[in-house]
Structure formats: structure tokens, C-alpha cells
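Listed here are the chains, written in short residue letters.
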Amino acid sequence: VEDLYALRRLANTYIGEEGTLWKMYEIPDHEQLLFHNVSSNEKIMEDCLNKKEIRRIARENIEACEMLRARRKCYFEKKEAHKLMMEEYASMSIQSMYHQWKARRKLR
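Residues numbered from 1 in each chain as written. Predicted model: local features only at pLDDT ≥ 70, side-chain atom pairs only at ≥ 80, totals over all residues. Heavy atoms only, no water.

## A closer look at the pairing of strand E1 (residues 22–27)
As defined by bridge partners, E1 adjoins strand E2 (residues 32–37) across six bridges and the pair is classed as antiparallel. The partner of Ile27 across the bridge, within E2, is Gln32. Connecting E1 to the antiparallel partner E2 that follows it, the hairpin turn spans four residues, and Glu31 within it adopts a positive phi of roughly 55°. (Pairing = 2+ DSSP bridges. Helix = DSSP H or I, 4+ residues; strand = E, 2+ residues; numbered from the N terminus.)

Written as C-alpha cells, this is what we have:
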């Protein structure tokens, strides 16, 4: 029973976070919790939960959060690399214009 509560606390730390597959809702009519997988539209009521399901929900939410963090990191690294490339291009263009201006000035 203690393992089940520990797994449930682990699952609750990730449920509702941005990028997670499983969302947790409270159904006031039944006074139960509903776990909803938004990608596969799978729904599990609290009375049908067992240790295996909680472990699966926690694992999938942790994987989804890590995947979102990796995607964001990749996006920001790509954005930073593009910015550096554009700065390099701008500096080369300005340098080229300066050399052309300097050469024209020498001809005068």
C-alpha cells in the first residue's frame, strides 16, 4: 500500500504539467478522480486504478515532460544558431561594403 501511495504522489507531481499526456479531473457526481489520456482518449476512473496503471501513467507523463524539455532545448539551440549565422552574414556584408567603399575612395 505504501508503494502505491508513493507511485501516486510521483504521478501527481507530473499530472497537469504542460506537455503531459495524462490529465487528472475530478468528477463531482461520482466523487472520484478521472485520469484522461489526451492523445489516445483513454479514460480511467479512480476505482479502476491499480499499481500497474499508476506506474504507467507516471512513466508516460515523465517521458512526455522530458520529451517537451528536449524539444524546447532543440528549438532554442536552433534559434541561437540561426541568430549567430545571421550575425556572421551581417558582419561579412558590412566588411565587404567597407572594402568596396575604401577601394572607390582610393581611386579618387
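Still to come is the rest of the account.
## Focus on the side chain of His36
Position of His36 relative to the elements: it lies in strand E2. Its relative accessible area of 13% is what places His36 among the buried residues. For His36, the residues in contact, after removing those within four places along its chain, are Leu21, Trp22, Lys23, Tyr25, Asn41, Glu42 and Lys43. (Buried < 20%, exposed > 50% of the residue type's maximum accessible area, 1.4 Å probe, protein only. Contact = heavy atoms within 4.5 Å.)

## Looking at the sheet that holds E2
With antiparallel pairing, the three strands of this open sheet are ordered in space as E1-E2-E3. Here the strands that pair on one side only, and so sit at the sheet edges, are E1 and strand E3 (42–45). Recorded for the sheet is a direction-independent mean angle of 25° between the axes of neighbouring strands. (Axes fitted to C-alpha atoms, helices over the stretch in contact; angles between N-to-C directions.)

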